[in-house]
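Results of the structural survey
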Amino acid sequence: MTASLSPSHHDSQVQDDDSSSVRVAVRARPLIQKEIAENSKECVFYSKDRKQVVLGKGRRFTFDHVFSPVISQEDVYNECVKPLVESCCAGYNATVLAYGQTGSGKTFTMGCGNKSSSLEEELGVLPRAIRQLFKIVEERSHETEFLVKCAFVEIYNDEIKDLLHPDTPPKAISIREDANGDIILAGVREEEVTNFKSMIRFLEYGSVFRTTGSTLMNQHSSRSHAIFTIIVEQRSILECASRNDVITAKFHLVDLAGSERVKRTGAVGMRFKESVTINCGLLALGNVISALGDERKRCQHVPYRESKLTRMLQDSLGGNSRTCMIACISTADTDLEETLNTLKYANRARNIRNKPVINRDPQSVVLNQLRQEIRALQLELLNSRIRNMGLVPVCGPQSLELLLQDESHREFLANIRARADANMDVVAELNALRRKSRETEQENLKLKDEIQGLESLVSNLREEMLQTRTERDHYELRLDEVNSEITALMQVVPHWENGNDISSVVRSHLSEMVMRVLGKIDDEGPGAASSESSFCSLDRPATSDAATGESEKSISYPTDWVMPQECNNTLNGWARSRLYDSQAVASIRDPSFPSNIELAFPPKTVAKSMNCTSPGQASRGARNIINLHLRTIQVLEERLAAIESDVIAKDEALREASEDLARDERIFAEKMKEMKALKKLARDMSTEKEALVQKTERNAAIISHMINEALAKDDELGCLRTSIETLQTGRPDAFVMNGACVPGLPVTLLNSKKEADDDSFANTENPDKVVLQAKRDAVDGAIGVSDTFGPAHLDDCKGKLKVEEEKEMLIVNKAIEDQKQHFGEGVRVEELELKVSPKLRNKKRRNFLMNCFRPKVHETHDS
Ligand SMILES: Nc1ncnc2c1ncn2[C@@H]1O[C@H](COP(=O)(O)OP(=O)(O)OP(=O)(O)O)[C@@H](O)[C@H]1O
């Protein structure tokens, strides 16, 4: 089961009023017995309006609420927390956060340690909030169905523990961010609660498991950050309301561990380690608060991931929650420095802005959107029909409802409904996908746990196997020892049989030991005979001795040695190789053998080897011991084989589980990818649409500009023609229009009237040319135009005109082509052509006619 720290979906309406900022209250506790005994003085003062606190000699801080030591628990609750409980019941996430130095009264204020037996005036924020919550639930039970759950966790040494289920290993709990950016606690189990008493019992139960310890500063110091979360789900049961409209809100009540200076708390060992992690967590929290509270840093990265505490409080600080921080301070002058730090810390938190929203179920949000869409479409259709009838469109839900009953709207409504159904299908599919991905995620978690279990099992089995192998090796060593003992025994036996030279002390010692061996034989009972046969059939490696590295080949058999028949029958090659040990043989050949025995074999071995009264008894006794060892080894080997096959089976299961996990992870990743791709596609499409609209508008502007240009050009051409005609009819004044030269004609700009006159006289020599002069008498340094003009130039002009026309056509065609490309629809282009062509065609036709009917050019002389 997954406990989400914040709801999965939100209403789109983000609150951006005063309630969006983190509210900060300061609560000062009175001097405690220890401080009074130490003669500490109060160094904190308060303004009357309960808004300002003054520290020492005039360091003034302003907060939303300031509570002096005389303010009761109830007042603190009513001013800071009551509004948050109300807003939680309205669907907003809420957080209350107690911060302060160790022993400053955080746990006292939060009431984390309160029990059902606690006095009313002692009750802290938590029990009061729970009581109010269930009061609201009861008051609204006639209209709303509530589901209330709770979870209680602590962060101790940067590990999260489920205080309501203390057997959950911290490794099974992790902080995640879901697809909507909400923080969830995977692995923490939530408990459903129906009344105040049962929730208080959960609070009491969890508090028992919270890590506390004694320090010099506080006898019952909380060594962890505790977070009690109340989850409120609600749904209206009124007739008119939608059953799918589920609102979920979370209320985190956080009792932080106290900031502390190791020197003052006297923390050593375990307490010291705790102290370090507590301070690290609070430092990370401080960094987050400064990043969020500092205007300049607001756009920068917020280091939520620096610790588990900040990650868990991501929604409460700068996220989707209404948050209140209660900064607890000590009034003692001995704590002045810590108090100053707390006030500075809290002051920064005041600048944090959150984004609280009502947390609605995603499905109901989509449904509402679809409903609104349908209504808007219906209204639009209705208004268009009314307009068609020549009436003024009506608005308002009542008229809409009435008109929607009209028969003619049915088809339209059916279409809309079909569309809505299709949308719903898509939404349902998407939800199913999301659900499945969540399930897969949980399955993956389970599989991971299983794999971890299997891995530890396999490692245990491996250890066991190793132990068993060591045991086997030990027994093999023992077997070797026993073999050596047999060898020694066999060597002693002949000497002993003819052992007149053995001293009476040795003889009695031997007898005693043989008696002991015989005792062993008796102990083994009737099974001994069968174990002999198993001994005979035992196949030991005949070629080499692992311990000595000697091979059978290197053994030299003594020529004068006669193997006792019984031993020869029973010992196989491997045992014999030990029997004919060269050292032993050397000892036997030595005439002073009995006294040398102790040199050839370790004293213990010799002592054991002398336990027989006869060769038969000795070999049987030794064989029995060996058989005993061999049986043990056999049993061990069987056990080892069983364990090995178990390990193989577990390995196989592990492999299958890993494959399953990998497959599930693959599927999950694919689904996530698909979802991402879909979202991206939607985003891309909307961007593309916007770009297209902008482009269309731009193109429309360009085209209208082009048309204007084309028309201006056309006008210019018209003027040109008129000028040419005028020239042909001998009216040179018209050649200069508004002081500008006609473009396209060879022009000489004359600086004065005289210059123009001279030029005109110079050209009268040539009868084939016409000299034109434009004169502007009124203007000093008048602009004039002169040129030679004949049929050849007229043709030239015609050619230029044609070029201009072609250019114009090209511009228009290009505009049409561009339009075609942008719109990709014939209809729009046709419209454009229709808009553009008639005007242009008329102009073109006029120009053409002017060309056709223009009289031939006369040769004129300007005298
Ligand atoms: N407002 C108060 N009025 C009376 N006594 C108080 C008040 N606040 C705190 N105390 C007392 O001060 C002592 C320390 O308080 P508490 O344990 O709540 O501190 P803390 O900040 O939670 O410490 P730590 O961080 O070490 O857990 C307790 O004995 C508590 O009863």
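A brief report on the enclosed structure follows. Remember, predicted model here, so these are calculated numbers, not experimental data.

1. Some thoughts on the overall build of the chain
A count of helices and strands for the chain gives 23 helices and 19 strands. Expressed as a percentage of its 863 residues, the buried residues of the chain come to 43%.

2. So, the packing of helix H4 (residues 125-139) against helix H5 (residues 196-209)
In a packed pair of helices, the relevant descriptors are the angle between the two axes and the axis-to-axis distance. Axis separation between H4 and H5 bottoms out at 9 Å; the angle between their running directions is 155°. In this view, H4 runs roughly antiparallel relative to H5, as classed from their interaxial angle. H4 and H5 meet at a crossing whose hand is right-handed. Every residue of H5 that contacts H4 at Leu126, Pro127, Ile130, Arg131 and Phe134 is listed here: Phe196, Met199, Ile200 and Leu203. By residue class, the composition of the contact of H4 with H5 is eight nonpolar, no polar and one charged.

3. Some remarks on unusual backbone geometry
For asparagine 157, which is not glycine, the phi torsion reads 50° and is therefore positive. Relative to the elements of secondary structure, asparagine 157 occurs in the loop between strand E8 (144-156) and strand E9 (159-162). In this structure, aspartate 158 takes a positive phi of about 60° despite not being glycine. For aspartate 158, the position within the fold is in the loop between E8 and E9. The class of aspartate 158 is partly exposed, set by a relative accessible area of 37%.

4. Quick notes on the pairing of strand E5 (residues 59-62)
Of the strand pairs in this sheet, strand E4 (residues 52-55) and E5 are connected by four bridges, and their pairing is antiparallel. Bridge pairing in E5 places valine 53 opposite phenylalanine 61. Following E4, the chain reverses through three residues before pairing antiparallel with E5; glycine 56 in that reversal takes a positive phi of roughly 55°.

5. A short note on H4
Here H4 spans 21 Å end to end across 15 residues, near enough to the 21 Å set by a 1.5 Å rise per residue. Burial runs high along H4: 11 of the 15 residues are buried. For H4, the set of buried residues is Val125, Leu126, Pro127, Arg128, Ala129, Ile130, Gln132, Leu133, Phe134, Ile136 and Val137.

6. With respect to the sheet that holds E5
Strand order in the open sheet formed by three strands is E3-E4-E5, and the pairing between neighbours is antiparallel. Either end of the sheet is taken by a strand with one partner, and the two such strands are strand E3 (44-46) and E5. Strand-to-strand, the axes of this sheet are offset by a mean angle of 25°, without reference to chain direction. Packed onto the sheet, helix H9 (residues 336-349) meets E3, E4 and E5 and runs at close to 35° relative to E5.

7. Here we look at a nonpolar patch on the surface
Together, Tyr205, Val208 and Phe209 make up an exposed nonpolar region whose accessible area comes to about 300 Å². Structurally, tyrosine 205 is set in helix H5. With relative accessibility at 39%, the residue tyrosine 205 sits in the partly exposed group.

8. Comments concerning the packing of aromatic side chains
A complete count under the given rule lists four aromatic pairs for this structure. Between tyrosine 99 and tyrosine 345 the ring centres are 4.1 Å apart and the planes differ by 10°, which places this aromatic pair in the stacked class. Taken as a pair, tyrosine 99 in strand E7 (residues 94-100) and tyrosine 345 in helix H9 lie far apart in primary sequence, 246 residues in all. Taken individually, tyrosine 99 and tyrosine 345 each receive the classification buried, so the pair is uniform in this respect. For the pair phenylalanine 152 and phenylalanine 228, a centre-to-centre distance of 5.1 Å together with 75° between the ring planes defines the contact as edge-to-face. Taken together, the residues phenylalanine 152 in strand E8 and phenylalanine 228 in strand E15 (residues 225-236) connect sequence positions 76 residues apart. Looking at phenylalanine 152, the relative accessible area reads 1%, which means it is buried. Between arginine 322 and the ring centre of tyrosine 92, over which it is positioned, the NZ or CZ distance is 4.0 Å.

9. Here we look at the site of the ligand
As a matter of local geometry, the ligand sits amid 16 residues, with Thr102, Lys106, Thr107, Ser221 and Ser222 nearest to it. For the ligand, an oxygen atom lies 3.1 Å from a polar atom in the backbone of serine 104. Between the ligand and lysine 106, the relevant distance is 2.8 Å, taken from an oxygen atom to a side-chain nitrogen or oxygen of the residue. With the chains in place, 78% of the 630 Å² that the ligand exposes on its own is no longer accessible. Elements supplying a minimum of two residues to the shell around the ligand: strand E2 (23-29), helix H3 (106-110) and strand E14 (221-222).

10. Some thoughts on the nonpolar core
Taken as a class, soluble globular proteins show a tendency for nonpolar side chains to be buried jointly. Phe63, Leu285 and Met325 are the most contacted members of the largest nonpolar core, which has 48 residues in total. Residue contributions to this core peak at seven residues, all from helix H7 (residues 270-293).

11. What about the environment of isoleucine 175?
If you trace the backbone, isoleucine 175 turns up in strand E10 (residues 174-177). Along the primary structure isoleucine 175 and alanine 186 are separated by 11 residues, whereas in three dimensions their C-alpha atoms are 6.2 Å apart. Apart from the residues lying within four places of it in its own chain, the contact partners of isoleucine 175 are Ile160, Ile183, Ile184, Leu185, Lys308, Arg311 and Met312.

What counts and how
- The residue count restarts for each chain, going from 1 along the sequence in the order it is written.
- With pLDDT at 70 or above as the cut-off, local features in this predicted model cover only qualifying residues; side-chain atom pairs require 80 or more to be listed or tallied, and sums for whole chains, interfaces and linings still use all residues.
- Each side-chain value is derived from all of the structure's non-hydrogen atoms; neither hydrogens nor water enter the calculation.
- By the criteria applied, helices consist of DSSP H or I runs no shorter than four residues and strands consist of E runs no shorter than two, each listed in order from the N terminus.
- Relative accessible area decides the class of each residue, using a 1.4 Å probe on protein chains only: under 20% of the type maximum gives buried, over 50% gives exposed, and in between gives partly exposed.
- Axis definition: a line fitted to C-alpha atoms, limited for helices to the stretch in contact. Angles are taken between N-to-C directions and run from 0 to 180 degrees.
- In this scheme, roughly parallel covers angles under 35 degrees and roughly antiparallel covers those over 145, while 65 to 115 is roughly perpendicular and the rest are oblique.
- Left-handed describes a crossing whose near helix is turned anticlockwise from the far helix by less than a right angle; the clockwise case is right-handed.
- Residue contacts are defined here by distance: any two heavy atoms, one from each residue, within 4.5 Å place the two residues in contact.
- Put simply, Ala, Val, Leu, Ile, Met, Phe, Trp, Tyr, Cys and Pro go in the nonpolar bin, Asp, Glu, Lys and Arg in the charged bin, and everything else, Gly too, in the polar bin.
- Two strands make a pair as long as DSSP finds a minimum of two bridges between them.
- What a helix is expected to span follows from its residue count: subtract one and scale by 1.5 Å.
- Each patch is built from residues that are more than 30% exposed by relative accessible area and take part in no salt bridge. Like charges join if they lie within 9 Å; nonpolar side chains (Val, Leu, Ile, Met, Phe, Trp, Tyr) join within 5 Å.
- Reported accessibility uses the Shrake-Rupley method at a 1.4 Å probe radius. Residues are deemed covered only where the shown protein chains occlude them.
- Salt-bridge detection follows one rule: a side-chain nitrogen of Lys or Arg within 4 Å of a carboxyl oxygen of Asp or Glu.
- Planes of paired rings set the category: under 30 degrees apart is stacked, over 60 is edge-to-face and the rest tilted, where pairs are Phe, Tyr or Trp rings (Trp by its six-membered ring) whose centres lie within 6.5 Å.
- Two conditions define a charge sitting above a ring: the NZ of Lys or the CZ of Arg must be within 6 Å of the ring centre, and it must be within 35 degrees of the ring normal.
- Proximity criterion: a residue is near a molecule or strand once any of its heavy atoms comes within 4 Å of it.
- Any N or O atom pair separated by 3.5 Å or less is treated as a polar contact, with the protein-specific requirement of one donor-capable and one acceptor-capable atom, and with residues adjacent in sequence counted only for side-chain atom pairs.
- Residues belong to a common nonpolar core when they are buried Ala, Val, Leu, Ile, Met, Phe, Trp, Tyr or Cys residues joined through side-chain atoms within 4.5 Å.

Scope: geometric values only; no functional claims are made or implied.
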